[in-house]
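An overview of the molecular structure
Listed below are the residues making up each chain.
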Amino acid sequence: MFVNNRTLSNSKTRPQHFQSNWHVALFGLVWLAAGFAGALQANETAVKVVSVVPVQSQMISPQMMVSGQVYSRYQSNLSAGVDGRLEWIAEAGQQVAQGDVLAKLDPTPLTLRKNELQAQLKRSQINAARLDKELARLKTLVAKQLISQTQLDQVQADRDLALADVELNRASLAQVQDQLSRAVVTAPFAGVVSQRHHQKGEEVSRSETLLQLVSLTDLEVRLFAPLAYAAFIQPGQQLQVYQQQGQTQLQLSSVIPVSDVRSQTFEARLTVTATDANRFSVGQLVSVALPTASASLSTVVHRDALVLGKQQHAVFLVQQHKEGGQQVKRLAVELGQGQGEWLQVKAEVKPGDQLVIRGADTLKDGDKVRVLSEAEFALAKSKSTADTVAL
């Protein structure tokens, strides 16, 4: 049989070729794995970008939470001030501006009385003018000794009484004019009609309440607290107020340190500014942080610097690395009283230390970091806001 030597030669060398390819493939896999591990190690040791805020010292006092309630500073029960039949009255819930009409009474009886007094005034003026002329004529006759002085005195007294009648009629007419103006009840301030006590067509007296008007912009928070803590607050002080929409600081407008034997509490009032009025509602319950002792100088950190844990809270302190650059150190903290965005803490930090407030969630003790400058931090925040809006 004829056998091709080249065929035999190829068949003998084929296993060696396969073995060589297998070695190349194995070397490639090992190289890729080493490269991937190196990349992971490089990522782990990469410098992380953070932003910081310094530790501060502030006057902090221990606090207790007390309940307060939102009241309107202007809450009026309005009446007409005149008797009459109710022609129209605003609906409950209607919002009005200052000067808007709230109720109208039938002006017919007052209009008739006004016409009557106008006629009486005109009559008294005519009588006074007649007596004035008569007095002038009698003075001429007395000068000629044609009549006695007694007659002149009598006419002069009548003229003076007529002038007094004119003044009385003018005063009565002014009273009716005032009553007519009261027949239309207007809003003394802007607000909402919270209640109405009468309906159209009813007869009302001058002292009866027609409706209640409540201002929605001039608000205040009233609270009652233990009398023992009245010495630690004073008008003008800022207190933290908590409600469903968040928290805000309100200024203490007045303190009423008067109590009774049973309650042993005092009243305090906080003014709600016009900018914060839309965050509160009349009758709403709030919580107020009330100081219970004198303030003392304490170390405080920004709330955003805290990394909250189940058993322990921590912060990351930025320090200079021995080999250059910066690294972070994880420090455990104990939380104390809060004041706005700052929290009192017990930790191995001092005022001026730089704590991470952005990027702390991914940090570990000893990680290298780069601190953003104020300009870079502002740009990062604006970019983040723009991305949020785009989403």
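Residues numbered from 1 in each chain as written. Predicted model: local features only at pLDDT ≥ 70, side-chain atom pairs only at ≥ 80, totals over all residues. Heavy atoms only, no water.

According to the stated counting rule, one finds one aromatic pair in the structure shown. Each ring, one from Tyr-74 and one from Phe-189, has its centre 5.6 Å from the other, and the planes form 40 degrees; the classification is tilted. Taken together, the positions of Tyr-74 in the loop between strand S3 (63-72) and strand S4 (75-78) and Phe-189 in the loop between strand S8 (184-186) and strand S9 (191-196) put the pair 115 residues apart, joining distant regions of the chain. Residue class for Tyr-74 comes out partly exposed when judged on its relative accessible area of 37%. Take Phe-189: its relative accessible area is 12%, and that puts it in the buried class. The ring of Tyr-71 is capped by Arg-222, whose NZ or CZ atom sits 4.3 Å from the centre of that ring. (Phe/Tyr/Trp six-rings, centres within 6.5 Å; stacked < 30°, edge-to-face > 60°. Helix = DSSP H or I, 4+ residues; strand = E, 2+ residues; numbered from the N terminus. Buried < 20%, exposed > 50% of the residue type's maximum accessible area, 1.4 Å probe, protein only. Lys NZ or Arg CZ within 6 Å of the ring centre and 35° of its normal.)

Moving on, we get to the pairing of strand S5 (residues 84-89). Sheet topology note: the S5/strand S10 (residues 203-204) ladder contains two bridges and is antiparallel. Bridging across to S10, Arg-85 finds its partner in Glu-203. Note: S5 against strand S7 (residues 101-105), three bridges, orientation antiparallel. Each bridged residue has a counterpart across the sheet, and for Trp-88 the counterpart in S7 is Lys-104. (Pairing = 2+ DSSP bridges.)

Taken together, four strands build an open sheet; the order of strands is S4-S11-S9-S6 and the sheet is antiparallel. Both outer strands of the open sheet, S4 and strand S6 (95-96), are each paired with one neighbouring strand and no more. Two elements, S6 and S9, share two bridges in a ladder whose sense is antiparallel. Bridging from a neighbouring strand, Gln-95 pairs with Val-192 of S9.

Another point: a nonpolar patch on the surface. A contiguous nonpolar surface patch, about 220 Å² in accessible area, is contributed by Trp-88, Val-101 and Val-184. Among the structural elements, Trp-88 can be located in strand S5. On the accessibility criterion, Trp-88 (36% relative accessible area) is partly exposed. (Patch = residues over 30% accessible without salt bridge, like charges linked within 9 Å, V, L, I, M, F, W, Y side chains within 5 Å. Areas by Shrake-Rupley, 256 points an atom, 1.4 Å probe, with all protein chains shown as cover. Salt bridge = Lys/Arg side-chain N within 4 Å of Asp/Glu carboxyl O.)

Moving on, we come to the pattern of salt bridges. Oppositely charged side chains are able to pair whenever their charged atoms sit close together. All chains considered together, the criterion is met by 17 salt bridges. With a closest N to O distance of 3.9 Å, Arg-279 and Asp-276 form a salt bridge. Residue classification places Arg-279 among the partly exposed positions, given a relative accessible area of 25%. Overall, the relative accessible area of 14% leaves Asp-276 in the buried class. Each of the salt bridges in this network shares a partner with another, and the network as a whole consists of Arg-73, Glu-220, Arg-222, Glu-267 and Arg-269.

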